[in-house]
Amino acid sequence: MEDDKKTEEQQKQQINVELTDEIAEGIYSNLAMIAHSNSEFVVDFIRLMPGIPKAKVKSRIIMTPDHALRLLHALKDNLEKYEKAFGKIQGGKDAPQFPMNFGGTLGEA
C-alpha cells in the first residue's frame, strides 16, 4: 500500500517535456550577459565572431531569482561531474575583454 502511494506521487511529479527538432538543434553561443532586477534575471546568449565588432543576441532567457539559483546549482553540479569525467576545465585565459557596464547591473559568463 505504501509503495502504491509513492508510485502515485512520483507520477504526479513527472513533467512531460516536448523538444521540437528545431529547438533540439540548439544555438551556438560563446558569450552570456546577465542582468537582473528585484524580480527577475535576464540572460542573453550571444554569438561573438572574431574580428567582427557587432555581436547578435541569439536567445534571451528570463527567469525568477529562485530559478536562477536552481540553474546555478545545476550548472555547478554538472561542471563537477564533467571535470570528474574529463579533467579540469582550463577556461578564462582567452576570454574576450570588452566593456560590460552598459548602464545596468550586468555579469558575464
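Bear in mind the structure is a predicted one, so any value in this text is a computation, not a measurement.

Trainee: If you had to explain the packing of aromatic side chains to someone new, which residues and values would you point to?
Mentor: The full count for this structure, using the stated rule, is 1 aromatic pair. Taking 4.9 Å as the distance between ring centres and 45° as the angle between the ring planes, the aromatic pair formed by Tyr82 and Phe86 counts as tilted. Taken together, the residues Tyr82 and Phe86, both in helix α3 (residues 65-86) and 4 residues apart, mark about one turn of the helix. Residue classification places Tyr82 among the partly exposed positions, given a relative accessible area of 40%. Classification of Phe86 by relative accessible area gives exposed; the value is 63%.

Trainee: An account of the pattern of salt bridges is needed here, citing residue identities and associated values.
Mentor: All chains considered together, the criterion is met by 4 salt bridges. One salt bridge in this structure joins Arg60 and Asp44, with 2.6 Å as the shortest N-O distance. Here Arg60, found in strand β3 (residues 56-63), pairs with Asp44, found in strand β2 (residues 41-47); they are 16 residues apart in sequence, far enough to count as distant. Residue Arg60 is classed as exposed on the basis of its relative accessible area, which comes to 53%. Residue classification places Asp44 among the buried residues on the basis of a relative accessible area of 11%.

Trainee: An account of α3 is requested, with residue identities and associated values reported.
Mentor: Here α3 contains 22 residues, and its C-alpha end-to-end distance of 31 Å stays within 8% of the 32 Å for a straight helix at 1.5 Å per residue. Looking one or two places after α3, you find Gly87, whose phi comes out positive at around 100°.

Trainee: Outline a nonpolar patch on the surface, supporting the account with residue identities and numerical values.
Mentor: Residues Leu71, Leu75, Leu79, Tyr82, Phe86 and Ile89 make up a contiguous nonpolar surface patch of roughly 590 Å² in combined accessible area. Among the secondary structure elements, Ile89 is positioned in the loop between α3 and β4 (106-108).

Trainee: If you had to explain the side chain of Asp44 to someone new, which residues and values would you point to?
Mentor: A polar contact of 2.6 Å, which involves the side chain of Asp44, links it to the side chain of Arg60. Excluding its chain neighbours within four sequence positions, the residues that come into contact with Asp44 are Leu31, Ala32, Met33, Val57, Ser59 and Arg60.

Cut-offs used in this document
- Residues numbered from 1 in each chain as written.
- Predicted model: local features only at pLDDT ≥ 70, side-chain atom pairs only at ≥ 80, totals over all residues.
- Heavy atoms only, no water.
- Phe/Tyr/Trp six-rings, centres within 6.5 Å; stacked < 30°, edge-to-face > 60°.
- Helix = DSSP H or I, 4+ residues; strand = E, 2+ residues; numbered from the N terminus.
- Buried < 20%, exposed > 50% of the residue type's maximum accessible area, 1.4 Å probe, protein only.
- Salt bridge = Lys/Arg side-chain N within 4 Å of Asp/Glu carboxyl O.
- Expected span 1.5 Å × (residues − 1).
- Patch = residues over 30% accessible without salt bridge, like charges linked within 9 Å, V, L, I, M, F, W, Y side chains within 5 Å.
- Areas by Shrake-Rupley, 256 points an atom, 1.4 Å probe, with all protein chains shown as cover.
- Polar contact = N/O pair within 3.5 Å; in protein donor to acceptor, adjacent residues only side chain to side chain.
- Contact = heavy atoms within 4.5 Å.

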